[in-house]
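Coordinates in review
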There are 2 protein chains.
Amino acid sequence: MIQKKITIKDIARKANVSIATVSNVLNNKGRVSTKTANKIKQIIEQDGYTPNLSARSLKNKNSHLLSVIVPYLHKGEFQDKPYFWQVITGIESGARNENFHVMLTGISDDENLSFIEERHLDGIIVIGIDKNSNLLEKIINLNKPCVFMDSYLDDEKLYQVHSNDRLGGYLGTKHLISLGYNKIILISGITGKIKKQSGVDYQRYLGYRQALAEARIPYSDQLVFEEGQTMVNGYYSAQKILGCLDDNTAIFVLSDIGAMGLIRGLNELGVTVPTDISVMGYDDIFYTNYMVPSLTTIKQDIFNKGQKAIDLLLAQIKGNSLEERKISLPVELRIRESTIKRSR
Amino acid sequence: MIQKKITIKDIARKANVSIATVSNVLNNKGRVSTKTANKIKQIIEQDGYTPNLSARSLKNKNSHLLSVIVPYLHKGEFQDKPYFWQVITGIESGARNENFHVMLTGISDDENLSFIEERHLDGIIVIGIDKNSNLLEKIINLNKPCVFMDSYLDDEKLYQVHSNDRLGGYLGTKHLISLGYNKIILISGITGKIKKQSGVDYQRYLGYRQALAEARIPYSDQLVFEEGQTMVNGYYSAQKILGCLDDNTAIFVLSDIGAMGLIRGLNELGVTVPTDISVMGYDDIFYTNYMVPSLTTIKQDIFNKGQKAIDLLLAQIKGNSLEERKISLPVELRIRESTIKRSR
DNA sequence: TTGTATGCGTTATCAT
DNA sequence: ATGATAACGCATACAA
């Protein structure tokens, strides 16, 4: 039952050629007559030979394996992050097209990256890393093909993909202002990022400020809340902002998931969206259009973002030089039911 | 800059021993004096040596790599399946604890499984495969450690994990009946499964029938709808069932995601949940508790289910014989806002 | 155009 | 207790 795996040696014997010739056929190195090539191909087909990737990897020092790394995502925390799923889905899809496989790797606190070298990974994609973290330094020192998503790193040498977060923050804020509100609460999804002036949330915050400035609405620190990035965090922030609410107020949450939690939280406090208050989110994850009320949000094409990242990564791996190492994708305002015109 | 990777040979030279000794230390084969062992360990630590897994894999024919396979999940379809993500999160978490990595692999139509052997994968976990598919046969023929989730396969030799779906169907139906309804619409998430009498949905259907029978409510084929398993499918089923609704009616959707879509669809048709009609879901994905209205559902501990699967798989890989090859996990009714007592 | 021989880094068998 | 060496399956430099 346990049949030994077929190797190029077996194929070579059967075809009365040397293993080198078989190898050449396998890798399309030319230098083989079409006649013997065909014979060999046929035998390969017939016997269902497939290469041993471990051996190949040992020899070539590559693996056709990639890894997606999400820093500071602890065990079990993947489940309520639809944004990540969507990115990863895009990555996996693009990778599969090019015969690469994707490993899903949460990074624990120990920040142990040894598996990247041990497994001869061909490249990695890092989502949302902080520009001052020492994990970043570790990763750069690996000297592996790498793409950073949603990270806003200063180093011009690094390959990066993100959407136009500043514009997103601007468009969202402007939308709320245009509805007649002049007190816009901003709820950030990632704690401390705005203060540390880094990451996507800071960019969105800059857009927020720009829109305020254009409308000549004075900025107030009191209206900016930095909560965590989960649904539960959004839920609890309802209580914190309850005191701020009046007819003039609208809320911009920098993630859909946070907005969902917030809406639920407000609801339990007797505040209904959008009749009592307008709330908008950010990301346009799959569910926003099906909520009741459906959620006004900033749409980014998350799936496409994942694909762009994999494109960048594969280009590096294949050694194609790229003009532009930084890709910024468009964003778009999606007006739905959760935001309405100010009534009075 | 490109420093060659440190190998066992380098360590051996530095320690004035042979590579065999280093290898023995590495693998705790004993037969090495504690003195030299310690010296070697120190050098390993100092130089930051990590083993080359490709070489190891070539030699040992294993890889410490697992794969999760979701049949018939096409490219890009991962994103709106919170259930899968939750399972996978559990799997990844359990794997990481045991130093295994997880590859995420959607299977395309060609059903090409060659990567499993090519990469010397140590095992695979398959979610929701049909008992009559030829993919199943292919997988069994691989003769690899394998765990099937949510599949209800007859072969007693196979390792399987699922929750008590029949009970779930029963509890949900009974709940709706107990609220005073005697016309229970059942919306299945997977097309054709009930007719083909296979899979989780068929089990839940059996529970549904059992609950009806106990309550002496006649069963009607007209009330059972087989839609697809996405949110959009749930959304469109609203129109299809609109004609069936009356004061006596409640709806049991066999997935939360479908229930969400349905509730939205009903809403657009002027039907409000729960005041106009009670709707319940199945799975208890992370969002159900935060919806407005929150969703009554059948809770299964999805994360735990993933962990149980990985436990079963690792036991096989390590050659531990197991008494019980089939694990059935409990389910639980979670009553929330989307179902209310019949008013008249 | 094809074959021979070597090495990738590891484990394991057999000596010493 | 330790060392020499073969083997895993493949790719490639070099020879023929």
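Residues numbered from 1 in each chain as written. Chains lettered and ligands numbered in written order. Predicted model: local features only at pLDDT ≥ 70, side-chain atom pairs only at ≥ 80, totals over all residues. Heavy atoms only, no water.

Some remarks on the environment of Val224(B)
Residues and elements named next belong to chain B. With respect to the secondary-structure elements, Val224 resides in strand 7 (residues 224-226). Overall, the relative accessible area of 16% leaves Val224 in the buried class. Along the backbone, Val224 and Glu214 are 10 residues apart, and their C-alpha atoms lie at a distance of 18 Å. Other than its neighbours up to four places away in sequence, Val224 contacts Leu186, Ile194, Tyr205, Tyr208 and Tyr219. (Helix = DSSP H or I, 4+ residues; strand = E, 2+ residues; numbered from the N terminus. Buried < 20%, exposed > 50% of the residue type's maximum accessible area, 1.4 Å probe, protein only. Contact = heavy atoms within 4.5 Å.)

Things to note about the protein's contact with DNA strand D
By nearness alone, 28 residues border DNA strand D, and Ile8(A), Tyr49(A), Arg56(A), Ser18(B) and Thr21(B) come closest of all. Within 4 Å of the protein, atoms of DNA strand D come from sugar and phosphate in 69% of cases. Here a phosphate oxygen of DNA strand D sits 3.5 Å away from a polar atom, N or O, in the side chain of Asn27(A). Ser18(B) places a main-chain nitrogen or oxygen 2.7 Å from a phosphate oxygen of DNA strand D. Elements with a minimum of two residues in the surface near DNA strand D: helix 2 (19-26) and helix 4 (53-60) of chain A together with helix 2 (19-26) and helix 4 (53-60) of chain B. Residue contributions to the surface near DNA strand D peak at four residues, all from helix 4 of chain A. Residue composition of the surface near DNA strand D, grouped by class: 11 nonpolar, 10 polar and seven charged. (Near = heavy atom within 4 Å. Polar contact = N/O pair within 3.5 Å; in protein donor to acceptor, adjacent residues only side chain to side chain. Nonpolar A, V, L, I, M, F, W, Y, C, P; charged D, E, K, R; others polar.)

As for the relation of the copies chain B and chain A
Once turned by 180° and shifted 0.0 Å along the axis, chain B lies on chain A with an RMSD of 0.1 Å. The transformation relating the two chain copies, once decomposed into turn and shift, fits a two-fold axis. A shared interface surface links the copies, since 100% of the contact residues of chain B are contact residues in chain A too. (Least-squares fit on C-alpha atoms with pLDDT ≥ 70 in both.)

Let's talk about the sheet that holds strand 3 (residues 123-127) of chain B
Within the open sheet, the 12 strands sit side by side as 11(A)-5(A)-4(A)-3(A)-1(A)-2(A)-2(B)-1(B)-3(B)-4(B)-5(B)-11(B). Their pairing is mixed. In this open sheet, the two edge strands, each paired with only one partner strand, are strand 11 (326-329) of chain A together with strand 11 (326-329) of chain B. Strand-to-strand twist in this sheet, taken as the mean axis angle between neighbours without regard to direction, amounts to 20°. Here strand 1 (residues 65-70) of chain A runs beside strand 3 (residues 123-127) of chain A; their pairing, made up of four bridges, is parallel. Bridge pairing in strand 3 of chain A links Leu66(A) to Gly123(A). Docked against the sheet, helix 7 (residues 134-142) of chain A engages strand 3 and strand 4 (146-149) of chain A, running at close to 155° with respect to strand 4 of chain A. (Pairing = 2+ DSSP bridges. Axes fitted to C-alpha atoms, helices over the stretch in contact; angles between N-to-C directions.)

Some remarks on the pattern of salt bridges
Residues and elements named next belong to chain B. Within the structure shown, the criterion is met by 30 salt bridges over all chains. Of the charged contacts, one joins Lys326 and Glu156 as a salt bridge, the two residues approaching to 3.9 Å between their closest N and O atoms. Here Lys326 is found in strand 11, whereas its partner Glu156 is found in the loop between strand 4 (146-149) and strand 5 (159-163), with 170 residues between them in sequence. Taking relative accessible area as the criterion, Glu156 reaches 61% and is therefore assigned exposed. The closest approach of N and O atoms between Asp246 and Lys183, which form a salt bridge, is 3.3 Å. One end of the pair, Asp246, is in the loop between helix 10 (231-241) and strand 8 (249-253); the other, Lys183, is in strand 6 (residues 183-188), with 63 residues separating them in the sequence. A relative accessible area of 36% means that Asp246 is categorised as partly exposed. We classify Lys183 as partly exposed; its relative accessible area is 21%. (Salt bridge = Lys/Arg side-chain N within 4 Å of Asp/Glu carboxyl O.)

Things to note about the protein's contact with DNA strand C
In the region of DNA strand C, 27 residues are neighbours, and Ser18(A), Thr36(A), Lys59(A), Ile8(B) and Tyr49(B) sit closest. In the environment of DNA strand C, a phosphate oxygen lies 2.7 Å from a nitrogen or oxygen atom belonging to the backbone of Ile8(B). Secondary structure elements with two or more residues in the surface near DNA strand C: helix 2 and helix 4 of chain A together with helix 2 and helix 4 of chain B. Among the elements that line the surface near DNA strand C, the one with the most residues is helix 4 of chain B, at four residues.

Quick word on the sheet that holds strand 6 (residues 183-188) of chain A
Residues and elements named next belong to chain A. The strand order 7-6-8-9 describes an open sheet built from four strands, whose pairing is parallel. Of all the strands in the sheet, the pair left with one neighbour each is strand 7 (224-226) and strand 9 (278-280). Neighbour to neighbour, the strand axes of the sheet diverge by 15° on average, direction disregarded. Judged from the three bridges that link them, strand 6 and strand 7 form a sheet pairing that is parallel. Residue pairing across strands places Ile187 opposite Phe225, the latter belonging to strand 7. Each of strand 6, strand 7 and strand 8 (249-253) touches helix 10 (residues 231-241); the most contacted strand, strand 6, lies at about 145° to it.

Observations regarding the side chain of Ser67(A)
Residue and element names in this part refer to chain A. Turning to its location among the elements, Ser67 is positioned in strand 1. The class for Ser67 is buried, based on a relative accessible area of 1%. In this structure, Ser67 is in contact with Met103, Thr105, Phe115, Leu121, Gly123, Ile124 and Ile125, ignoring residues within four places of it in sequence.

Let's talk about the nonpolar core
Ranked by internal contacts, the top residues of the largest apolar core, which has 151 residues, are Ile251(A), Val279(A), Tyr287(A), Ile251(B), Val279(B) and Tyr287(B). Setting aside anything within four residues of it in sequence, one finds Ile251(A) in contact with Leu176(A), Ile185(A), Ile187(A), Ile241(A), Leu245(A), Leu262(A), Leu266(A), Ile277(A), Ser278(A), Val279(A) and Met280(A). The next biggest cluster of nonpolar side chains, apart from the first, holds 38 residues, and it includes Leu65(A), Ile107(A), Leu142(A) and Phe148(B). (Core = buried A, V, L, I, M, F, W, Y, C linked by side-chain atoms within 4.5 Å.)

Quick look at the interface of chain B and chain A
Facing 61 residues of chain B, the contacting portion of chain A comprises 61 residues. Buried area between chain B and chain A, summed over both chains or domains, comes out near 5500 Å², and the portion from carbon and sulfur atoms is 60%. Taken together, the links from chain B to chain A amount to two salt bridges. There are 18 residue pairs in polar contact (both at pLDDT 80 or more) connecting chain B and chain A. Listing elements by their share of the side of chain B that touches chain A, those giving two or more residues are helix 4, helix 5 (82-97), strand 2 (101-106), helix 6 (114-118), helix 10 and helix 11 (256-268) of chain B. Ranked by the residues each element gives to the side of chain B that touches chain A, the list is headed by helix 5 of chain B, at nine residues. (Buried area = accessible area lost by both parts, 1.4 Å probe.)

Remarks on unusual backbone geometry
Residue and element names in this part refer to chain A. With omega at 0°, the peptide bond leading from Val292 into Pro293 counts as cis. Look at Asp283: it is not a glycine, yet its phi comes out positive at around 125°. Within the fold, Asp283 resides in the loop between strand 9 and strand 10 (297-300).

With respect to helix 9 (residues 199-214) of chain A
All names here are of chain A. In a regular helix each residue adds 1.5 Å, so 16 residues correspond to 22 Å; helix 9 covers 23 Å between its end C-alpha atoms and thus fits that length. Residues of helix 9 that are buried include every one of Gly199, Val200, Asp201, Tyr202, Gln203, Arg204, Tyr205, Gly207, Tyr208, Ala211 and Leu212, and no others. Check the buried side of helix 9 and you find it contacts helix 8 (165-178), strand 6, strand 7 and strand 10. Positive phi appears at Arg216, one or two residues downstream of helix 9, with a value of about 55°. (Expected span 1.5 Å × (residues − 1).)

Examining the packing of aromatic side chains
Residue and element names in this part refer to chain A. Here the structure, examined in full by the defined rule, presents 19 aromatic pairs over all chains. Between Tyr202 and Tyr205, the ring centres sit 5.9 Å apart and the planes meet at 25°, which makes this aromatic pair stacked. In this pair, Tyr202 and Tyr205 are both assigned in helix 9, three residues apart and thus about one turn of the helix distant. One exposure class covers both Tyr202 and Tyr205, and it is buried. Aromatic rings pair up to connect Tyr202, Tyr205, Tyr208 and Tyr219 into one cluster. (Phe/Tyr/Trp six-rings, centres within 6.5 Å; stacked < 30°, edge-to-face > 60°.)

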